[in-house]
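Given next are the chains, with one letter for each unit.
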Amino acid sequence: MACAAYSSTSEVSLYYTADTDDTTLWTSTLTWTPVPMTGESISTNLSSVISEQITPTRSYAGSKLSQGEVSGSFNFEAQAGNFFFDMLIAVLQADKKTSVNTNSGGSTWADEDTIKNGSTKHCFAFLKRIQVASGDYDWYIFRGVQIGSMSMDISPNALITGTVNVMGVRPEAPVEDSAAPGTWTLSDLTTLPLMSGVDSLQNFDILSGSTSSGVTMQSVAINFDNQLRQQQAVGINSIYAAGVASGRFMATYSGSAYYANPTIYNAFVNDTDLAITGQLLDSSGNGIQLDSDYVKITSGSIPTADGADQDLMISTEFRAFEDSTNGTVLITKNPS
């Protein structure tokens, strides 16, 4: 008897490239950049409507496929490479080119240069390659994909991990073949230093004016969200969306801090304007500096003694708002 062979997650690869027009990508000359993922859920989520017709047989009369949604997410471990910087440009909708030249305007994001949240959409195509038992590959392409949100979790004694949520317009029909088209180049993953909660979060501070709160964080979570939505339409001969719209850009910081004084709680009660700054740097000093100059505490409480022999902690969420100069979030690439 032959050995049973079914696909595993180790045989799935994810890539992305610029999506600039409506032509088929199967015959285009393309360079696909790999996504350094630890898991993914990008799919075409399909749904049908069931007929409510009343029949004499006391049965359902039928159904019709009515909607498809290109959406999902992928998880990553933070590394200061093109993928990391591309996702930041895209989620901030910053007026900068990505490494795959998604934006025809603007300039490249150079070292020590800054970006801030804007309204320049960056559109990608994502490619999912799955190796099957025959040795061939199944190739799935998702078109018109925008970055909905990007989050990062920074915890002690752990790698900095993150999640990117995406939303697209439509897929192309999947193909099974032993190789990619000859006009494609599938780039290899680049080995880069990993970031961790041990030494990568540097100079993090919560400021009131120029005064430091002196807080020591146990963990920090960062989330940027474009609040994307599908734009459905009739008469387009497609179950997929006609477009993807952006909502208001939202930036939040949250985490747990060791309790030392009531500074943070007082800032909440007094509705104090704050600022947050910090750096995420790898062992080579590459990464980003984050600055939000107009921040408010949106939830928090005084510490509670939940049990014996435990650290006294406070959990707080901060929301960043638009500063007239530096926007909601200002990010510096590879700060000196």
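Residues numbered from 1 in each chain as written. Predicted model: local features only at pLDDT ≥ 70, side-chain atom pairs only at ≥ 80, totals over all residues. Heavy atoms only, no water.

Now for the nonpolar core. Of all hydrophobic cores here, the largest spans 58 residues; its most connected members are Phe74, Phe84, Met87, Phe126, Phe224, Ile288 and Ile331. At nine residues, the largest contribution of residues to this core is made by helix H1 (residues 82-92). If you look at the next biggest cluster of nonpolar residues, it comprises 11 residues, including Leu30, Trp32, Tyr137 and Trp139. (Core = buried A, V, L, I, M, F, W, Y, C linked by side-chain atoms within 4.5 Å. Buried < 20%, exposed > 50% of the residue type's maximum accessible area, 1.4 Å probe, protein only. Helix = DSSP H or I, 4+ residues; strand = E, 2+ residues; numbered from the N terminus.)

In this section: a nonpolar patch on the surface. Together, Tyr265, Val269 and Ile302 make up a nonpolar patch on the protein surface, roughly 280 Å² of accessible area in all. Position of Tyr265 among the secondary structure elements: in helix H2 (residues 263-269). (Patch = residues over 30% accessible without salt bridge, like charges linked within 9 Å, V, L, I, M, F, W, Y side chains within 5 Å. Areas by Shrake-Rupley, 256 points an atom, 1.4 Å probe, with all protein chains shown as cover. Salt bridge = Lys/Arg side-chain N within 4 Å of Asp/Glu carboxyl O.)

Mapping Tyr140 onto the fold places it in strand S10 (residues 137-154). Under the relative-accessibility criterion, Tyr140 is labelled partly exposed at 30%. When neighbours within four sequence positions are excluded, Tyr140 is seen to be in contact with Phe126, Leu127, Lys128, Ile130 and Pro174. (Contact = heavy atoms within 4.5 Å.)

By secondary structure assignment, the location of Gly62 is in the loop between strand S4 (43-50) and strand S5 (63-77). Along the backbone, Gly62 and Glu52 are 10 residues apart, and their C-alpha atoms lie at a distance of 8.6 Å.

A word on the pattern of salt bridges. A complete count under the given rule lists six salt bridges for this structure. Two residues, Glu172 and Arg143, come together in a salt bridge whose shortest N-O distance is 2.5 Å. Linking Glu172 in strand S12 (residues 170-177) with Arg143 in strand S10, this pair joins segments that are 29 residues apart in sequence. Taken as a pair, Glu172 and Arg143 share a single burial class, namely buried. Two residues, Asp273 and Lys296, come together in a salt bridge whose shortest N-O distance is 3.6 Å. Of this pair, Asp273 sits in the loop between H2 and strand S20 (274-281) while Lys296 is found in strand S21 (residues 287-299), placing the two residues 23 residues apart along the sequence. With a relative accessible area of 15%, Lys296 lands in the buried category. Through salt bridges with shared partners, one network takes in Asp19, Arg143 and Glu172.

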